[in-house]
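As a plain string of letters, each chain reads:
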Amino acid sequence: MKLLRSTFLAFCMVSSASGFAPLISSKSSSINDIKRHQQSTITISTGNIAPISSTSLFVGIHEQPASSVSEDDIRKETMFIQVRKEVGTAKEYLNWLVEECGTSTDSDDDSTTKEGEGITFADVIADKAAAGEVELFGGGGDAPSSPSSSSERKETTYVPALRSDLGDTVLLTGTVDATLLNILNNNFFGQDSVPNFEFSSIRALVDDVPAAKKKAISREARYGGLLDKLVIEPSSGDLPSGEELAGVSSWIVQLDGATADNTATTLSKIAELAEGSAELNNLIVMVSGTTSTEGWDAVEAASADGDAFKCTLLSVGELYDATEEKGGFYHIGPAVGEEENASMPPRLSRKKAYQLLAHALALDSTANRALAACEYSATVVEAIGAPYAEGEFAVRDDDGNEVVDEFRDIKMESRVIQAMRETGFTQVMELDVLVDKGLAGYKEYIANPPNKENAFAARRSARDEEDEKIMAILDAEIAASDARKKDEAEKQKTIETEGIAKEWAIKEYSLRMIGGDLDDSIGEEEFMASIWDEALAEGERTYERINSEEYIKEQERVEKSKVNLENKLFWDGMPPVLRKKREKMVEKVKRQYMDLLSEEDLERIILNDD
């Protein structure tokens, strides 16, 4: 029960503070603030005002005395609002990226229950239990990953391009890190799933098998089904042999880059092995302890620009074990070499490094790229909490001139990251935006913002074209249906006209034979053939007459008059035989019941007997 309770608390007690926003005082929280925060994780909102303030201004239901609000508080509040505006601009940029992707989600998607109400912990538990994805203590079940997983429930329409050739077997060399294995396993409750990770076999080649198993087999591995896929084998050397690479479609390698010469030599050997494998589609190498890219050109040459296999280099500098989980502000971009990072030795937490390594394997934007990732120093992280140093927030020198903001690029990147995390982007989506679009894409958006009216007109025009195509299809179907009905009507008219013509010809033959107008030697068929044109003309005239409105109305009047006549004892034009019969019946009834019945009763009796 303690484990179950801790699992529940782990999902419910999630801090609402971002890794980039100032810490929020508990005094400033309210029910409305919490609701706004929940809504911000569901849809992309471009609101410029922060839902929660970090200063003593606007706190509580009473107005603050003027003496309690200092100039410093006002300054902090103004800066906070400006940062939120900058985050709002970043959200507009994300909206634009979504529109460029050309994807959308229905407003009545299952990701939300009611308007303004986010998915709760109980909703996720119930959905996963119904799908068979939850086992004891919250572990993953045998059910394959589905769109109901936690990552798919996050409301965002940004769809990154994913690799489609990862295969079902991945080989690990130089690492059996638990974080990496859990992401590759892609079947642990509460973890963002990777849509294209469908590995049925995860192989690892290590020097010390018992030690590797002890390190890799964690509680998550047991409950998430990793043990059904993981195979840890002793390696024949620092790198696998050609036989050990057989059947492997994706290969992950970790190298210690403390010695540049050894790293370059090892990369050359990796290039030879990858080039010689006919089944290998993807190779990703993580080099720790350095940001040097020496030797990587050999791997790129062997990949033949991705025709032979896709390759990715990730340099992460020094790895360290984080004592606590932080917001995690990091930078990832093209590898630039060690000389540009001399003032700040690159370092990255071990967990974040393996997350980037796994997610880089999933994305198509990382293919044939040399990337470097690192965390910024505490000084830089503190600096990004301030607005861009421009306008009223600019720093000026002694002459009154604005000083260039040396942290502007870092601030811009942080605003995009914060906007993605507030919006609900998964880690895979976040990495794709940072690597594929990068800071250059956001700068281009700021420098040349798209014309919203033209963009709307373009979308409207495209929508109109689709509507026109649909209407054209419907019109064509209606025209074809009308033509088919007209053709059927013409065929039916021909059949009925010929039937009428045949009846008229037979009747005419009989009349002429009786009148002596025809020779006895002429047969019926011969006569019909001789006057068939005349018979068809009569048939067409008769058909037109019996289908005319006048004829139809006349028939209705006749039918109506027949109904009325049936209720009368005598009427004009009635058959003589019937009239004589009824007259006799009236005389008979009168003789028998004259003293007992009235005229109306007599008439009713006669009609019933008749």
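Residues numbered from 1 in each chain as written. Predicted model: local features only at pLDDT ≥ 70, side-chain atom pairs only at ≥ 80, totals over all residues. Heavy atoms only, no water.

1. Notes on the pattern of salt bridges
For clarity, the threshold we go by: Within this document, salt bridges are pairs made up of a side-chain nitrogen of Lys or Arg and a carboxyl oxygen of Asp or Glu, the two lying within 4 Å of each other. Three exposure classes are used, based on accessible area relative to the maximum for each residue type with a 1.4 Å probe and protein chains only: buried under 20%, partly exposed in between, and exposed over 50%. Under the DSSP-based scheme used, a helix requires at least four consecutive residues in state H or I and a strand at least two consecutive residues in state E, with every element numbered from the N terminus.
Evaluated as defined, the whole model comprises 18 salt bridges. Notably, a salt bridge pairs Lys411 with Asp405, separated by 3.0 Å at the nearest N-O pair. Neither Lys411 nor Asp405 differs from the other in exposure class; each is buried. In this structure, the salt-bridge partner of Glu538 is Arg541, at a minimum N-O distance of 2.2 Å. Highlighted residues: Glu538 and Arg541, both in helix H17 (residues 532-546), separated by three residues, approximately one helical turn.

2. Brief notes about the packing of helix H11 (residues 350-362) against helix H14 (residues 427-447)
Definition in use: To get an axis, fit a line to the C-alpha atoms, keeping to the stretch in contact for a helix; angles then go from 0 to 180 degrees between the N-to-C directions. By the definition adopted for this analysis, an angle is roughly parallel if under 35 degrees, roughly antiparallel if over 145, roughly perpendicular if from 65 to 115, and oblique otherwise. It only takes one pair of heavy atoms within 4.5 Å for two residues to be counted as in contact. Asp, Glu, Lys and Arg are counted as charged, while Ala, Val, Leu, Ile, Met, Phe, Trp, Tyr, Cys and Pro are counted as nonpolar; the rest, among them Gly, fall into the polar class.
Relative to each other, H11 and H14 sit at 80°, their axes nearing to 10 Å. Judged by the inter-axis angle, H11 sits roughly perpendicular to H14. For the pair H11 and H14, contact is made by Gln355, Leu356, His359 and Ala360 and by Gln427, Val428 and Leu431, respectively. Counted by class, the contact of H11 with H14 contains four nonpolar, three polar and no charged residues.

3. Observations concerning a negative patch on the surface
Stated formally: Patches here are clusters of residues that have more than 30% relative accessible area and form no salt bridge, with a 9 Å joining cutoff for like charges and a 5 Å cutoff for nonpolar side chains (Val, Leu, Ile, Met, Phe, Trp, Tyr). Only the protein chains shown count as covering a residue, and every accessible area follows the Shrake-Rupley method with a 1.4 Å probe. Counting rule for charge: Lys and Arg are taken as positive, Asp and Glu as negative, and neither His nor the chain ends is counted. Where a charge lies is defined by one atom per residue type: Lys uses NZ, Arg uses CZ, Asp uses CG and Glu uses CD.
There is a patch of like negative charges on the surface, built from Glu294, Asp297, Glu300, Asp305 and Asp307. Within the secondary structure, Asp305 sits in the loop between helix H10 (296-303) and strand E6 (310-320).

4. Observations concerning H10
For an α-helix, 3.6 residues make a turn, and residues three or four places apart therefore share a direction. Applied cut-off: Our arc is simply the arc of the directions from the helix axis toward the C-beta atoms.
Buried within H10 we find Trp296, Val299, Ala302 and Ser303. In an axial view of H10, the angular spread of the buried residues amounts to 120°, which keeps them on one side of the axis. Along H10, the residues that are exposed and aim more than 90 degrees away from the buried face are Asp297 and Ala301. Taken from the residues just after H10, Ala304 is the one with a positive phi, measuring 55°.

5. Digging into the confidence of the model for the chain
As a reminder, the rule being used: Predictor confidence is given residue by residue as pLDDT, running from a minimum of 0 to a maximum of 100.
The share of residues in the chain with pLDDT of 70 or more is 71%, and the mean pLDDT across the chain is 76. Across residues 1-43 the pLDDT falls below 50, and counting only partners more than four positions away or on other chains, this stretch makes 46 contacts in the model. Every residue in residues 45-57 is under pLDDT 50, and counting partners more than four places away or in other chains gives 39 contacts.

6. Describing unusual backbone geometry
Positioned with a positive phi, Ala304 is a non-glycine residue whose angle comes to about 55°. Tracing the backbone shows Ala304 in the loop between H10 and E6. Taking the relative accessible area as the measure of exposure, Ala304 reaches 36% and is therefore partly exposed. The phi dihedral of Asn368 falls on the positive side, at around 55°, and the residue is not glycine. In this fold, Asn368 is placed in the loop between H11 and strand E9 (369-375). We classify Asn368 as partly exposed; its relative accessible area is 29%.

7. Description of the pairing of E9
Our working definition: Two strands pair under a simple rule: DSSP has to find at least two bridges between them.
Within E9, six of the seven residues are buried, leaving the element largely enclosed by the surrounding structure. Where E6 lies against E9, four bridges are found, and the strand directions are parallel. Note that in E9 the partner of Ser315 across the bridge is Ala372. As defined by bridge partners, strand E7 (residues 330-334) adjoins E9 across five bridges and the pair is classed as antiparallel. Within the sheet, the bridge partner assigned to Tyr330 lies in E9 and is Glu375.

8. As for the packing of helix H13 (residues 408-423) against H14
This is how it is decided: Helix crossings get a hand from a simple test, with the near helix turned counterclockwise from the far one by less than a right angle marking a left-handed crossing and a clockwise turn marking a right-handed one.
Two elements in contact, H13 and H14, have axes whose closest approach is 10 Å; the angle formed by their N-to-C orientations is 125°. Taken together, the axes of H13 and H14 lie oblique to each other. Between H13 and H14 lies a crossing of right-handed hand. Residue-level inspection shows Asp409, Met412, Glu413, Val416, Ile417, Met420 and Arg421 of H13 in contact with H14, the latter providing Glu430, Val433, Leu434, Leu439, Tyr442, Lys443 and Ile446. Of the residues belonging to the contact of H13 with H14, the class tally is nine nonpolar, no polar and five charged.

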